[in-house]
Amino acid sequence: MRLLREVLRDWEAVIGLEVHTELTTLKTKMFCDCRLSHDDPPNSNVCPVCLGMPGALPVPNEKAIEYIVMAGLATDCQIQRRSLFYRKHYFYPDMSKNFQTTQGPVAFCMHGHLDLEVTGEGATERPDFTVEKDPDGGYMASIRILRIHMEEDAAKMVHVGGSEGRIASATESLIDYNRCGTPLIELVTQPDLRTPEEARVFMERLRQTFLTLGISDCSLESGSMRCDGNVSIRRRGARGLGTKTEMKNINSFKSLHDALAYEICRQAEVLEAGGVVRQETRHWEPSKRRTVVMRVKETADDYRMYPDPDLAPFCLSDDFVARCRARVPELPLEKRDRFVVAYALKRADAAQLAADPRVASFFEEAACAVAKEHVPMVANVIINLLSATKAVTSAQVASLATLLATDAITFMQAREVLELVDGTGDDPQRLVDERGMRQSTDTEALAATVDEVLARCVDQVRQYREGNKKVIGYLVGQCMRTSRGTGNPKLFNTILCERLAQEG
Amino acid sequence: MALTREDVRDIADYARIALDKRELDEMTSYLNEAIEMLQPIREYDLAGVVPTYHPIGDLCNVMAPDEPDAHGRALAIDVALGNAGATRDRAFRVPSILGNGEVDGRCQTSAS
Amino acid sequence: MPNISELSAAQIAYGVTCGDFTAVEVAQASLDAIEAREPEVQAFLEISGDLALAIAAKTDERRARCAPLGSLAGVPVAFKDNMQLVGTRTTCASRMLEHFDSPFTATCVQRLLDAGATPVGKTNMDEFAFGSSTESSAFHRTCNPWDTQRVPGGSSGGSAAAVAAGEVPIALGSDTGGSIRQPASFCGVVGMKPSYGVVSRYGVVAFGSSLDQVGPFGRCVSDVALTMNALVAGGRDPLDSTSQAMSAGFLDNLEQPVEGIRVGVITSLMEHEALSAEVRTALAEACAALEAQGARLVEVELRHMEAAIAAYYVIGPAEAFSNLARFDGVRYGFRAPDCATLAEQTARSRAYGFGAEAKRRQLLGAYLLASGVYDRYYYPAQQVRTLITNDYRDAFMRCDVLLLPAAPTTAFRFGEMSSPTQMYAQDLFTISNNIAGNAGVCVPIGLGVQSLMPIAAQLQGPAFKDHVLLRVARALERGMEEAGRMRPGVVAPAFARRGGVLA
């Protein structure tokens, strides 16, 4: 098959996403008061309602409704004051009532959008975008959201007796209703995405947004956030839509990108060979990096949807919506822009910090504890030195950033300091002082070290004088080593240059 | 536009009710008779009439707080599984989803 | 010693509270009456003797401790077998649920237990409440205690028959299109369908969720009022989204005169061609009895009444299809053995588990909800529902209650209704009430001069004016007693003294 970038020069991809997100931060299910659980033994959080016992009735979880309204507000949706729950019928035992309670034509949230900034190498998937045109930047794309509706998740089924738990060869299936009835919001985009990278960035942005709202743990890996992608292709310049295929089993951002990329190339190959793309559901196999047919869709399913008579209509009040609005925290893009202005951060750094609400608040705690001009160094430390495994406090980061910003230690030393204070709560400044690690800015002492190094490295000095100026880096390194890391590398560099120039 | 036996068989397939030949004949004539009885519904001028799905007046926004097991309804495992015809350990058990070569759409464990 | 069937629920509760007899003695008397009368009536699917005696003993224990007793202390009560009660099966008279042990207790059942009632058993019904004669029960027929060759009506035929035969003073039924009122009429007892939302549906196996409502049977209006109090005293049920609060003052103004009350009559219905002559005559007497007490008759109309049956047979089956989809033999219910695939297991379990009428309604519902068909029937039916609701609203501006027939005739004989659609016409006078969500009650007004079977008048009132409705029902009952047509509390004569002595 041809490469994606080549294919996309001739063909335009039209991609829409359906994203299911479990509201994992709630305590109870959507229509009953069973506890939400991930790891409990099978069928330990079930009641007459979520087991679909005869006579059981649903009552909606108020907080789940608040959460979906927050999700809608965060994606600029129009909140529909009047909406209904519907019953969507299909016979399959993962839904205990053999219908799913979901929403009808009117969802709680309609007609929103999410704005993407597509940067870096991924931006070049769009053939009209070239790095040469815009070397640092990328492009903006506004993706329309058709709707976000409220529904309930299905039970987990384990297929037994076949190979790898695959359904095709299973002899029986076991059902665990713990997950059945978990509050689930489904977001459907308009088919506005044009490259796999845009789809990937969309999902990333959506995940950041939902994480910031605190409505879900948004784990693609564990399945609390799931994404199906619809894709069709058409000749560049064509107006109509091609036949689409639907991609399932996508459990990482990379899988989403790769599955769509594969599918675009596959469809192009089929069409270029004079074939037709069939409307079908395809399954992404990450290990083989390909999609395979799961089901051919000939006619639309008839779910016999009708308004659920057991659930009273919704007519959300201004107060309710205002309460939800008040609970929407600062969103990643707003936060990024504020970081750029308030802390003079680089846009990319600000975006990275703002993406994860926990990282952002950690950064702001640390930023409060340093002089204003040193805040960018705090960002630098968090982005370049910290890893998830480090157990350091924001106060320690603030202290470390101040040391770096005042040239008291080098980056190399900073790494060492970080190792030493990891998990201890010790103040980096005190530790540096105790161990005498503070970087020297005493020019006379540094000059002595420089002279020692120049005397030793006769070869390099000769090379420098012969025009190989790059060798200065080696000499600075030698100075650092000789001073056991306590010298300021910039000062070493300056002194070395002076000395080498003088004695030329 | 009477329903044919084939129409009725499709409806029964959808509703997952196996019918034998005699039942299929009976159901076909029943459905046609019943649908005939429903015709008055189509004789009114209903333009602009708002449907009433719930005969509950202005009642709306009925919700419950997010409190675990507030009503003590959680079922013990033996009660939860007690009426099931087939179980294994703590799970409900069903036969193979797909027969030989049958294609069924519900390959996912997730609802969508 | 009195016979259990001579006592009202109120008298039993009073006697137990005062110590005239114990709850256990009452339970034993009721079980004794059941044992003596059941062979001919067959009102019950399950008699929960042990549970009844255990609960009655607890009531006696409370009394011994001087703990407060409820308003139904020691009163034997029967529940339609679509109501969940832990310790009993809930079969809905279906092979599908033949062995189904109730995993929880319905709110309406729990509220009667909380008021001190003693549950003596679960009563027969049309399978999943689809029917008007109790003949579609998968297990056995129930006989009308006034003439065992005739049906008790349905779908709550077992509850009506148990009360009429004096086996219990009160019972609960459910009414989707007339399933309390029509059997009450056939069996000569009082049966009330409260306004939609007054009684919780939680734990009652659903038929048509927007139509179903639970209500009591009793041999007199005051017992029905007493039971209504117990049903609503706990306030709205947080487990039923459509439940609403109603005050428990049903007995407070029950005896108040009805002078000046406007009783609406619809001439076209009172003279409907389907009505038998004896029913027509009795209805005229009922009107006269209310007028004699100062009520004023006013002529009103319900313009879209003819569409009610059609709307009902769209909405009801559509909701029934959806509600019965859960019976797939996986979590509970009949499971066909030895199936190779899930789809086969589901289709075969449902084929065996459901009777003919349950299959008919589900197939009709599945058809009506199909895309394309939905817009032709389901949507317009819900629009017609709005028209019917508006008709009632207009009518209730001119009157306080409506007086209508309960059923076209008195109880018919077994097998007399030959086709399903003929049976559907039984609901002619009752279903519009379910469609609008209003309250309705049937009150016995005497025996037919030809059939010698009980006849009832149906009263309907606006939603959530259930107290007023029962007050008028009580006036009608009083009037018919004064006219010498019907004695409140009467038990079907053939069964009145068989067993049931309160020892």
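Residues numbered from 1 in each chain as written. Chains lettered and ligands numbered in written order. Predicted model: local features only at pLDDT ≥ 70, side-chain atom pairs only at ≥ 80, totals over all residues. Heavy atoms only, no water.

### Remarks on helix α7 (residues 221-232) of chain C
All names here are of chain C. The first and last C-alpha atoms of α7 sit 17 Å apart over twelve residues, in line with the 16 Å expected at 1.5 Å per residue. Taken residue by residue, α7 has Val221, Asp223, Val224, Ala225, Leu226, Thr227, Met228, Asn229, Ala230, Leu231 and Val232 as its buried positions. Buried positions along α7 lie against α1 (9-18), α4 (107-114), β4 (170-175), β5 (190-193), β6 (213-218) and α16 (466-482). (Helix = DSSP H or I, 4+ residues; strand = E, 2+ residues; numbered from the N terminus. Expected span 1.5 Å × (residues − 1). Buried < 20%, exposed > 50% of the residue type's maximum accessible area, 1.4 Å probe, protein only. Contact = heavy atoms within 4.5 Å.)

### Let's talk about the confidence of the model for chain B
Residue-level pLDDT values for chain B average 88, and 87% of them are 70 or greater. Low confidence marks residues 100-112 of chain B, where pLDDT is under 50. Its contacts with residues over four positions away, or in another chain, come to 39 contacts. (pLDDT = per-residue confidence, 0-100.)

### What to know about empty space enclosed by the protein
Residues and elements named next belong to chain A. Taken as a whole and judged by the stated rule, the model has eight cavities of 30 Å³ or more. Of the pockets and cavities examined, the largest cavity occupies roughly 150 Å³. The wall of the largest cavity is formed by 20 residues, among which Phe31, Val49, Pro58, Lys97 and Glu152 lie closest to the centre. Residue classes in the lining of the largest cavity are distributed as ten nonpolar, three polar and seven charged. (1 Å grid on protein atoms, 1.4 Å probe; cavity = no way out; pocket = protein on both sides within 12 Å on 5 of 7 lines; lining within 4 Å. Points joined across faces, edges and corners; volume = space filled by probe spheres on them. Nonpolar A, V, L, I, M, F, W, Y, C, P; charged D, E, K, R; others polar.)

### As for unusual backbone geometry
That bond from Gly154 of chain C to Ser155 of chain C is cis: its omega, 10 degrees, falls within 30 degrees of zero. One can find Ser155 of chain C in the loop between β3 (118-123) and α5 (157-164). Phi angles above zero are rare outside glycine, and His111 of chain A is one such case at about 55 degrees. If you trace the backbone, His111 of chain A turns up in strand β6 (residues 109-119). The phi angle at Asp338 of chain C is positive, at roughly 60 degrees, despite the residue not being glycine. Counting through the fold element by element, Asp338 of chain C comes out in the loop between α10 (306-324) and α11 (342-353). For Asp338 of chain C, a relative accessible area of 76% translates into the label exposed.

### With respect to the pairing of strand β8 (residues 156-160) of chain A
All names here are of chain A. Side-chain alternation along β8 places Met157 and His159 on a buried face and Lys156, Val158 and Val160 on a face that remains uncovered. Relative to strand β9 (residues 172-176), β8 runs antiparallel, the two being bridged by five bridges. Its bridge partner being in β9, Val158 is matched across the sheet by Leu174. (Pairing = 2+ DSSP bridges.)

### Looking at the nonpolar core
All names here are of chain C. If you look at the biggest cluster of nonpolar residues, it comprises 270 residues, and the most contacted ones within it are Leu403 and Leu470. Here this core gets 13 residues from one element, more than from any other, and that element is α10. Not counting chain neighbours up to four residues away, the residues in contact with Leu470 comprise Met192, Val221, Val224, Ala225, Met228, Phe250, Leu254 and Val441. Grouped together as the second largest cluster of nonpolar side chains are 39 residues, Leu31, Val163, Cys187 and Met423 included. (Core = buried A, V, L, I, M, F, W, Y, C linked by side-chain atoms within 4.5 Å.)

### Structural notes on the sheet that holds strand β2 (residues 91-95) of chain B
Strand order across the open sheet formed by four strands is β8(A)-β9(A)-β2(B)-β1(B), with antiparallel pairing between neighbours. Sheet topology places β8 of chain A together with β1 (87-88) of chain B at the edges, where each strand pairs with a single neighbour. Bridging between β9 of chain A and β2 of chain B involves four bridges; their strand directions are antiparallel. In the strand pairing of β2 of chain B, Leu174 of chain A is matched with Arg93 of chain B.

### Quick notes on the interface of chain C and chain A
Across the contact, 39 residues belong to chain C and 32 residues belong to chain A. Its largest share of buried area at the contact with chain A, chain C owes to Ser241, Arg326 and Arg331 of chain C, together 23% of the area lost on that side. Our count for the contact surface shared by chain C and chain A stands at one salt bridge. Among the ionic pairs, Asp310 of chain A bridges to Arg201 of chain C, the shortest N-O distance being 2.9 Å. Taken together, chain C and chain A are joined by 18 residue pairs in polar contact (both at pLDDT 80 or more). (Buried area = accessible area lost by both parts, 1.4 Å probe. Salt bridge = Lys/Arg side-chain N within 4 Å of Asp/Glu carboxyl O. Polar contact = N/O pair within 3.5 Å; in protein donor to acceptor, adjacent residues only side chain to side chain.)

### Quick notes on the packing of helix α6 (residues 332-343) of chain A against helix α7 (residues 347-355) of chain A
Residues and elements named next belong to chain A. One can describe the packing of α6 onto α7 by two numbers: an axis separation of 8 Å at closest approach and a directional angle of 135 degrees. In terms of their interaxial angle, α6 and α7 are classed as oblique. Between α6 and α7 lies a crossing of right-handed hand. Contacts between α6 and α7 involve Pro332, Lys335, Arg336, Asp337, Phe339 and Val340 from the first element and Arg347, Ala350, Ala351, Leu353 and Ala354 from the second. (Axes fitted to C-alpha atoms, helices over the stretch in contact; angles between N-to-C directions. Parallel < 35°, antiparallel > 145°, perpendicular 65-115°, else oblique. Left-handed = near helix turned anticlockwise from the far one by under 90°.)

### Looking at the packing of aromatic side chains
Within the structure shown, the criterion is met by 26 aromatic pairs over all chains. Centroid distance Tyr90 of chain A to Tyr303 of chain A: 6.3 Å. Interplanar angle 70 degrees. Geometry classified as edge-to-face. You can see Tyr90 of chain A sitting in the loop between β4 (85-89) and β5 (99-103) and its partner Tyr303 of chain A sitting in the loop between β14 (290-296) and β15 (306-307), a full 213 residues away along the chain. Residues Phe128 of chain C and Phe354 of chain C carry aromatic rings whose centres are separated by 5.7 Å and whose planes lie at 65 degrees to one another, so their mutual orientation is edge-to-face. Placement of Phe128 of chain C in the loop between β3 and α5 and of Phe354 of chain C in the loop between α11 and α12 (356-368) is noted, with a sequence separation of 226 residues between them. (Phe/Tyr/Trp six-rings, centres within 6.5 Å; stacked < 30°, edge-to-face > 60°.)

### Observations concerning the packing of α4 of chain C against α7 of chain C
All names here are of chain C. The N-to-C vectors of α4 and α7 enclose an angle of 110 degrees; their axes lie 8 Å apart at closest approach. Compared by their axis directions, α4 and α7 come out roughly perpendicular. In contact with Cys108, Arg111 and Leu112 of α4, α7 contributes Thr227, Ala230, Leu231 and Val232. Class assignment for the residues of the contact of α4 with α7 results in five nonpolar, one polar and one charged.

### Considering a negative patch on the surface
Residues and elements named next belong to chain B. Together, Glu6, Asp7, Asp10 and Asp13 make up a region of like negative charge exposed at the surface. The residue Glu6 is located in helix α1 (residues 5-14) in this model. Take Glu6: its relative accessible area is 40%, and that puts it in the partly exposed class. (Patch = residues over 30% accessible without salt bridge, like charges linked within 9 Å, V, L, I, M, F, W, Y side chains within 5 Å. Areas by Shrake-Rupley, 256 points an atom, 1.4 Å probe, with all protein chains shown as cover. Lys, Arg positive; Asp, Glu negative; His and termini not counted. Charge placed at Lys NZ, Arg CZ, Asp CG, Glu CD.)

### Some remarks on the state of the cysteines
Within this structure, the stated rule accounts for zero disulfides over all chains. Cys479 of chain A provides the cysteine sulfur closest to Cys457 of chain A, a residue in no disulfide bond, and the two sulfurs are 8.1 Å apart. Just so you know, Cys187 of chain C is unpaired, no disulfide at all, and the nearest cysteine sulfur is the one on Cys143 of chain C, 10 Å from it. (Disulfide = S-S within 2.5 Å.)

### Overview of the environment of Leu72 of chain C
Residue and element names in this part refer to chain C. Structurally, Leu72 is set in the loop between α3 (49-64) and β2 (76-80). Classification of Leu72 by relative accessible area gives buried; the value is 0%. Note: C-alpha distance between Leu72 and Ala370 (298 residues apart in sequence) is 47 Å. Once residues lying within four places of it in the same chain are set aside, the contact partners of Leu72 are Ala13, Leu112, Ala115, Gly116, Ala117, Ile170, Leu226 and Ala230.

### Some remarks on the pattern of salt bridges
Per the counting criterion, the structure on display carries 64 salt bridges over all chains. A salt bridge links Arg73 of chain B to Asp33 of chain A, with the nearest nitrogen and oxygen atoms 3.3 Å apart. Note that Arg73 of chain B is positioned in the loop between α2 (21-37) and α3 (77-82) and Asp33 of chain A in the loop between β1 (11-22) and α2 (62-74), a pairing that runs across two chains. There is no split in this pair, since Arg73 of chain B and Asp33 of chain A are both buried. Its salt-bridge partner being Arg262 of chain C, residue Asp400 of chain C comes within 3.4 Å of it at the nearest N-O pair. Within this pair, whereas Asp400 of chain C is found in the loop between α13 (378-398) and β9 (401-405), its partner Arg262 of chain C is found in strand β7 (residues 262-265), the two being separated by 138 residues in sequence. With relative accessibility at 23%, the residue Arg262 of chain C sits in the partly exposed group. What you see here is one network of salt bridges that share partners, running through Arg87, Asp308 and Asp310 of chain A together with Arg201 and Asp240 of chain C.

### Considering the sheet that holds strand β10 (residues 439-447) of chain C
All names here are of chain C. Strand order in the open sheet formed by eleven strands is β1-β3-β2-β4-β6-β5-β10-β11-β9-β7-β8, with mixed pairing between adjacent strands. Strands at the two margins of the open sheet, each flanked by one partner only, are β1 (44-47) and β8 (296-299). With direction set aside, neighbouring strand axes in the sheet form an average angle of 30 degrees. Looking at chain direction, β10 and strand β11 (residues 454-461) are connected through eight bridges and run antiparallel. The residue bridging Val441 from the neighbouring strand is Leu459, located in β11. Contacts from helix α2 (residues 23-41) reach β1, β2 and β3 within the one sheet, and its direction differs from that of β1 by about 140 degrees.

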